Each structure stands twice: as structure tokens, then as C-alpha cells.
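Chain by chain, the residues:
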Amino acid sequence: MPDLNSATATPEANLPVRVAPNGRLIIPAKYRQALGLRDGGMVVLSLKDREIRIRPIAAVLDEVQAMVAPFVKASGDTVDRFIADRHAEAAREER
């Protein structure tokens, strides 16, 4: 997948597009393809310093998983362990 933010991005990386009166914005096909977006694909918008960033939801999920990975142990089922811990805690409180 091409990196549209890299120093080698083509001049088309700054392509002006018009916002329709109803607020819709059309992402050109070349950009959708570069981001792996298909019809009805989900994106995440963020606003910072008067700029809108559009990212495929898959990329955002990958980023979140990478942030959480150091805190999740690779072995065992984390959810089952969590539930077992809560059951044990509840049993201690009943005593």
C-alpha cells in the first residue's frame, strides 16, 4: 500500500476536492484504493489543529492492538482469566 504521507508522495497527495452543500466529501478512487477501502468501508475521522485525518478503521485497530500488546500476556485466555478473577473476588466478598 503506498504511503501517501511519505516524502516521496506524488503531488497528487495534495489534491483539492470540493465539499458538497450537504457536507459530503468524495474520496478519489486512487486514494480509496491506496487505503484499501471498498464500497461502504469504515473510516475513522479525527480533527486536530484544523486538519481532518481520515484513516481506515483496520489501521486504527492495528494501532490500538499494538499499543495494548505489551500489557497482554501471550499465553492463556485473558477473558477467561478475568472472569475467574472476578468470581474469586466475589466469593471472597461473600465471606
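All of these numbers come straight from a predicted model, not from anything done at the bench.

## Quick look at the pairing of strand E2 (residues 51-56)
It is a general feature of regular strands that their side chains alternate between the two faces of the sheet.
Here comes step 1: Relative to E2, strand E1 (residues 43-48) is paired through six bridges, and the arrangement is antiparallel. Considered in E2, the bridge of leucine 47 is made with isoleucine 52.
Here comes step 2: Hairpin geometry of E1 and E2 is characterised by an intervening segment of two residues between the two adjacent antiparallel strands and by a positive phi of about 50 degrees at aspartate 49.

## A look at unusual backbone geometry
Here comes step 1: At aspartate 49, a position not held by glycine, the phi torsion is positive, near 50 degrees.
Here comes step 2: Mapped onto the elements of the fold, aspartate 49 is located in the loop between E1 and E2.
Here comes step 3: Exposure remark for aspartate 49: the relative accessible area of 65% places this residue in the exposed category.
Here comes step 4: Backbone geometry places arginine 50, a non-glycine residue, at a positive phi of 60 degrees.
Here comes step 5: Positionally, arginine 50 belongs in the loop between E1 and E2.

Criteria and cut-off values
- Residues numbered from 1 in each chain as written.
- Predicted model: local features only at pLDDT ≥ 70, side-chain atom pairs only at ≥ 80, totals over all residues.
- Heavy atoms only, no water.
- Pairing = 2+ DSSP bridges.
- Helix = DSSP H or I, 4+ residues; strand = E, 2+ residues; numbered from the N terminus.
- Buried < 20%, exposed > 50% of the residue type's maximum accessible area, 1.4 Å probe, protein only.

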